[in-house]
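# Examining the three-dimensional arrangement
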Protein chains: 2
Amino acid sequence: MELDERKLQILRAIIDEYILSANPVGSKAIRQSAELNWSPATIRNEMADLEALGYLAQPHTSAGRIPSDKAYRLYVDQMLQRAGLSEREQAILDGYYRSRIDGIESVLRSTAKALSEITHYTAVVMMPDMAVNRLRHLQLVPLSEGKALSVIVTDAGVARDAVIDIPRDMTAAELEDISRTITQRCYNCRMTTVAERLVHEIGAELQSRGDFLKTLLARVEENAQSGTNMVEFSGTRNMLRFPEYSDVEKATTFLATVEQRDAIYQMLRKASDMEFTITIGSENEQEGLQDCSVVTATYRVNDMPFGTFGVIGPTRMDYNRVISVLQGVQQNLTSILQSFLKED
Amino acid sequence: MELDERKLQILRAIIDEYILSANPVGSKAIRQSAELNWSPATIRNEMADLEALGYLAQPHTSAGRIPSDKAYRLYVDQMLQRAGLSEREQAILDGYYRSRIDGIESVLRSTAKALSEITHYTAVVMMPDMAVNRLRHLQLVPLSEGKALSVIVTDAGVARDAVIDIPRDMTAAELEDISRTITQRCYNCRMTTVAERLVHEIGAELQSRGDFLKTLLARVEENAQSGTNMVEFSGTRNMLRFPEYSDVEKATTFLATVEQRDAIYQMLRKASDMEFTITIGSENEQEGLQDCSVVTATYRVNDMPFGTFGVIGPTRMDYNRVISVLQGVQQNLTSILQSFLKED
DNA sequence: CTTTAGCACTCTTTTCGTTCGAGTGCTAAT
DNA sequence: ATTAGCACTCGAACGAAAAGAGTGCTAAAG
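Anyway, here's the lowdown on the structure attached to this text. Fair warning: this is a prediction, and the values are worked out from it, not measured in the lab.

### Description of the overall build of chain A
- Helix and strand counts for chain A come out as 12 helices and 10 strands.
- Over its C-alpha trace chain A gives a radius of gyration of 26 Å, far above what one expects of a compact globule, namely 20 Å for 344 residues.
- With the C-alpha coordinates aligned to their principal axes, the bounding extent of chain A is approximately 85 × 35 × 35 Å.
- A total of 344 residues make up chain A; the buried ones form 53% of that total.
- Contacts spanning at least 24 positions in sequence make up 62% of the contacts within chain A whose residues lie at least 6 apart.
- Roughly 15000 Å² of accessible area belongs to chain A as shown, and the carbon and sulfur atoms make up 46% of that amount.
- For chain A, the separation between the mean place of its 37 positive charges and that of its 48 negative charges on side chains is 3 Å.

Right, here's the structure in full:
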């Protein structure tokens, strides 16, 4: 049995309708909503076939059909219709971008908020991954005896800080000296290579402080990739509006999954090779997202993939709109970040 | 009609029971659970009195009584029994504090997580308010033509950064120069006075860049108090577990209120005068928290109030435990921060 | 005068059977 | 190959009845 044109049309109509209503859709409903001119009986026959092929499922004998994950997969692979941002959507986005913007992270946070407001799903953004960026400045600021704050600034305009231990006899001047030396020597090095370079080139120069430098490097590296707080959510509560989460139990597991930021971060990292990804229901490895779909987009600066953001919603999410919105936001985001960071 | 000893005992028993069960409590239930030796009839009479006095309410004629906000107020004012952290609770807290700690903000985030795990309510922490802190370092790092990143470090070990516009002809050396000058001149000034001082003392020195300095100052000031992301929540989903939020509608409004971070931030700021505050139900000004109670504690470093954290839960929260936990956490937090930042 | 046993009453919650309706699969006619 | 017709299935909605929890009041007991 093959998927002929009619079966596809019917399947599509069912998916469209189900996305809209969240209710199992029957043969009559389809005919009306999609203006298909076959009789309900014919449609029923086709639906039985589609079920046998695994594209549809029936919650119980006397209910309509709901699309399976396999159906959504087909839908997004073959039936997607991309559009741009609507005027209203662009306006919302602009609104967020017009407000105080004081760095990449705040742009990204605003992006998350806009995304969740526009789509009414849960939005998630990954903060830029420092590993691919280049060092612009390292500053060690003395705090108290034995403690200092290390601040790293990258070419992407991202700063990260951490309290570190320093030898008790280290002076402010010495810290300043180390800061300057490292900054000069490693200027424009990728964060991943700062450590090597330091060991090779500076070792001799600052030899007396070898031990300290080693721990410092370890901290810098750790700091650069620190996964905590590397992912920001917005609109998690939107999920509660959907009938699939009217059961508080389900809503709670969803929120628990999301509060587990690490897992989501890993997911986005994996997605960061691809310009777009769509992961449907059971395709999600992450436990607790099996009833969700995740759509991601990766933004770039100077043609380097920079970070990933996305939308999480029920499997019956409006893929057309979500993909359109993500694409639009991706463009907006790219151009804003570009204006921050144009190569000089 | 007065509140004699018996009425108080009964009221207390009702509150204790209601906190535990969330169900209206009747005259029999009380007698059993609290081992009060009056007959149900007597207790009923007293309950009628307590209702007349406004301490109890009846959802409907044939139900038990539930405590009013007024009752909780009496309860927390007169009947609170503080205890320390239990061993289990201290262990949870230690667990969070043992993990990567790379600065005040991460300590605070861990605190929020621990608090929500320990209490099973929603925890909230306010990030330290820079206004009271002193400048340790200001660094301007060039990013691209016309853009730089300004980084401020305070004596509290907190760094804030913002992308700023700079004159197109400004060189890296000049930026470095300005950074050094400001750092030297304003070292250990309160953030609130940095602006003044700059205008008075440095104006002459860096006069040619007067305009730039003015905008820079404005940005610094704005940056120091920037309210965004100044408050961190943990365990908002815990609220869904409580029967008072089994209605998805209510849960949604709660989450919406919380996602409105500004309002909560203002609330915590107001609470930051007091070592502890307890705000019960309708006492909350914030719309959407009328069915919640908020308990806050303020942590100090070097005897300066530094920031505030707290717990949000249903009005029938376990005030005894929450206050005990907050007190314990406050002590732990104070000693950790002190170790970071001891005056030198 | 206070306390308590007893009881009728109220109001919600639960249960259970019935009906209703949406949708199906099959059969037979077109 | 398509479609009209029809019997059948099964959840959702409804409603009456029963159960249950708790009260307020009255009158008796301490």
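### Some thoughts on the protein's contact with DNA strand D
- Not every one of the 20 residues close to DNA strand D is listed here, only the nearest: Thr42(A), Thr61(A), Ser62(A), Ser27(B) and Arg65(B).
- Backbone atoms, meaning sugar plus phosphate, form 72% of the atoms of DNA strand D positioned within 4 Å of the protein.
- For DNA strand D, a phosphate oxygen lies 3.0 Å from a polar atom in the side chain of Arg6(A).
- A distance of 2.9 Å separates a phosphate oxygen of DNA strand D from a polar atom in the side chain of Arg65(B).
- For the surface near DNA strand D, the secondary-structure elements that each account for two or more residues are helix H3 (40-52) of chain A together with helix H3 (40-52) of chain B.
- At four residues, H3(A) tops the list of elements feeding residues into the surface near DNA strand D.

### Comments concerning the protein's contact with DNA strand C
- Around DNA strand C sit 20 residues, and of these Ser27(A), Arg65(A), Thr42(B), Thr61(B) and Ser62(B) come closest.
- Of what DNA strand C places within 4 Å of the protein, 74% of the atoms are sugar or phosphate.
- Within the contact set of DNA strand C, a phosphate oxygen lies 2.8 Å away from a side-chain nitrogen or oxygen of Ser27(A).
- Within the contact set of DNA strand C, a phosphate oxygen lies 3.0 Å away from a side-chain nitrogen or oxygen of Arg6(B).
- The biggest single contributor to the surface near DNA strand C is H3(B), with four residues.
- Tallied by class, the residues present in the surface near DNA strand C amount to four nonpolar, 12 polar and four charged.

### Some details on the relation of the copies chain A and chain B
- For the match of chain A to chain B, the screw axis carries a shift of 0.0 Å, the RMSD comes to 0.1 Å, and the turn is 180°. Both chain copies can therefore be described as sitting about a two-fold axis. Measuring from the rotation axis to each C-alpha of chain A, the shortest distance belongs to Val248(A), at 3.6 Å.
- When you check the interface residues of chain A against chain B, 98% turn up at the interface there too, and the contact is symmetric in its surfaces.

### A look at the sheet that holds strand S5 (residues 147-154) of chain B
Residues and elements named next belong to chain B.
- The three strands are arranged S4-S5-S6 in an open sheet whose pairing can be described as antiparallel. With partners counted over all chains shown, the strands left at the sheet margins are strand S4 (135-144) and strand S6 (159-165), one partner each. The average angle at which neighbouring strand axes cross in this sheet is 20°, direction not considered.
- Both S5 and S6 contribute to a ladder of seven bridges, which runs antiparallel. Directly across from Val153, in S6, lies its bridge partner Ala159.

### Focus on the side chain of Ser116(B)
- In this structure, Ser116(B) sits in helix H6 (residues 104-119).
- Excluding residues within four positions of it along the chain, Ser116(B) makes contact with Tyr121(B), Ala123(B), Ser234(B), Gly235(B) and Asn238(B).

### Considerations on the interface of chain A and chain B
- Contacts between the two partners involve 53 residues from chain A, matched on the other side by 52 residues from chain B.
- Between chain A and chain B, the buried area comes to about 4400 Å², and carbon and sulfur atoms account for 54% of it.
- For the interface between chain A and chain B, the tally reads four salt bridges.
- The partner of Arg241(B) in a salt bridge is Glu249(A), with the nearest N and O atoms 3.6 Å apart.
- Applying the counting criterion to the chain A and chain B interface returns five residue pairs in polar contact (both at pLDDT 80 or more).
- Contributions of two or more residues to the side of chain A that touches chain B are made by strand S4 (135-144), strand S5 (147-154), strand S6 (159-165), helix H7 (172-186), helix H9 (210-225), strand S7 (231-234), helix H10 (248-259) and helix H12 (319-341) of chain A.
- Among the residues making up the side of chain A that touches chain B, the classes are represented as 17 nonpolar, 16 polar and 20 charged.

### Quick word on the nonpolar core
- In terms of nonpolar packing, the biggest core is built from 201 residues, with Tyr319(A) and Tyr319(B) touching the most fellow members.
- Not counting chain neighbours up to four residues away, the residues in contact with Tyr319(B) comprise Ile19(B), Tyr72(B), Tyr75(B), Val76(B), Leu80(B), Ile278(B), Ile280(B), Ser293(B) and Val295(B).
- The next biggest cluster of nonpolar side chains, apart from the first, holds 21 residues, and it includes Ile152(B), Ile178(B), Cys186(B) and Leu217(B).

### Here we look at unusual backbone geometry
All names here are of chain A.
- Although it is not a glycine, Asn188 sits at a positive phi angle of roughly 70°.
- Among the structural elements, Asn188 can be located in the loop between H7 and helix H8 (191-202).
- For Asn188, a relative accessible area of 32% corresponds to the partly exposed category.

### Section: the pairing of strand S9 (residues 292-301) of chain A
Residue and element names in this part refer to chain A.
- With nine of 10 residues buried, S9 lies mostly within the body of the structure.
- The pairing of strand S8 (residues 276-280) with S9 spans five bridges and is classified as antiparallel. Across the sheet, residue Ile278 finds its bridge partner in S9, namely Val295.
- Sheet topology note: the S9/strand S10 (residues 304-314) ladder contains 10 bridges and is antiparallel. The residue bridging Arg300 from the neighbouring strand is Pro305, located in S10.
- Adjacent in sequence and paired antiparallel, S9 and S10 are bridged by two residues, among which Asn302 carries a positive phi angle near 50°.

### Here's the deal with the pattern of salt bridges
All names here are of chain B.
- Scanning the entire structure with this criterion turns up 37 salt bridges over all chains.
- Linking Asp4 and Lys7 is a salt bridge whose minimum nitrogen-to-oxygen distance equals 4.0 Å.
- Each of the salt bridges in this network shares a partner with another, and the network as a whole consists of Asp4, Arg6, Lys7, Glu46 and Asp49.

### Considering helix H1 (residues 5-21) of chain B
All names here are of chain B.
- The end-to-end C-alpha separation of H1 is 24 Å, in line with the 24 Å expected for 17 residues at 1.5 Å each.
- If you check which residues of H1 are buried, you get Lys7, Leu8, Ile10, Leu11, Ala13, Ile14, Ile15, Tyr18 and Ile19.
- Backbone geometry just after H1 places Ala22 at a positive phi near 70°.

### Comments concerning the packing of helix H5 (residues 87-98) of chain B against H6(B)
Residue and element names in this part refer to chain B.
- The contact between H5 and H6 brings their axes to 9 Å, and the two run at 150°. Between H5 and H6, the angle is such that the two are roughly antiparallel. Judged by the twist between their axes, the crossing of H5 over H6 is right-handed. Counted together, Glu89, Ile92, Leu93, Tyr96 and Tyr97 of H5 and Val107, Ser110, Thr111, Lys113, Ala114, Glu117 and Ile118 of H6 form the full contact between these two elements.

Rules behind the numbers
Residues numbered from 1 in each chain as written. Chains lettered and ligands numbered in written order. Predicted model: local features only at pLDDT ≥ 70, side-chain atom pairs only at ≥ 80, totals over all residues. Heavy atoms only, no water. Helix = DSSP H or I, 4+ residues; strand = E, 2+ residues; numbered from the N terminus. Rg over C-alpha atoms; globule rule 2.2 N^0.38 Å. Buried < 20%, exposed > 50% of the residue type's maximum accessible area, 1.4 Å probe, protein only. Contact = heavy atoms within 4.5 Å. Areas by Shrake-Rupley, 256 points an atom, 1.4 Å probe, with all protein chains shown as cover. Lys, Arg positive; Asp, Glu negative; His and termini not counted. Charge placed at Lys NZ, Arg CZ, Asp CG, Glu CD. Near = heavy atom within 4 Å. Polar contact = N/O pair within 3.5 Å; in protein donor to acceptor, adjacent residues only side chain to side chain. Nonpolar A, V, L, I, M, F, W, Y, C, P; charged D, E, K, R; others polar. Least-squares fit on C-alpha atoms with pLDDT ≥ 70 in both. Pairing = 2+ DSSP bridges. Axes fitted to C-alpha atoms, helices over the stretch in contact; angles between N-to-C directions. Buried area = accessible area lost by both parts, 1.4 Å probe. Salt bridge = Lys/Arg side-chain N within 4 Å of Asp/Glu carboxyl O. Core = buried A, V, L, I, M, F, W, Y, C linked by side-chain atoms within 4.5 Å. Expected span 1.5 Å × (residues − 1). Parallel < 35°, antiparallel > 145°, perpendicular 65-115°, else oblique. Left-handed = near helix turned anticlockwise from the far one by under 90°.

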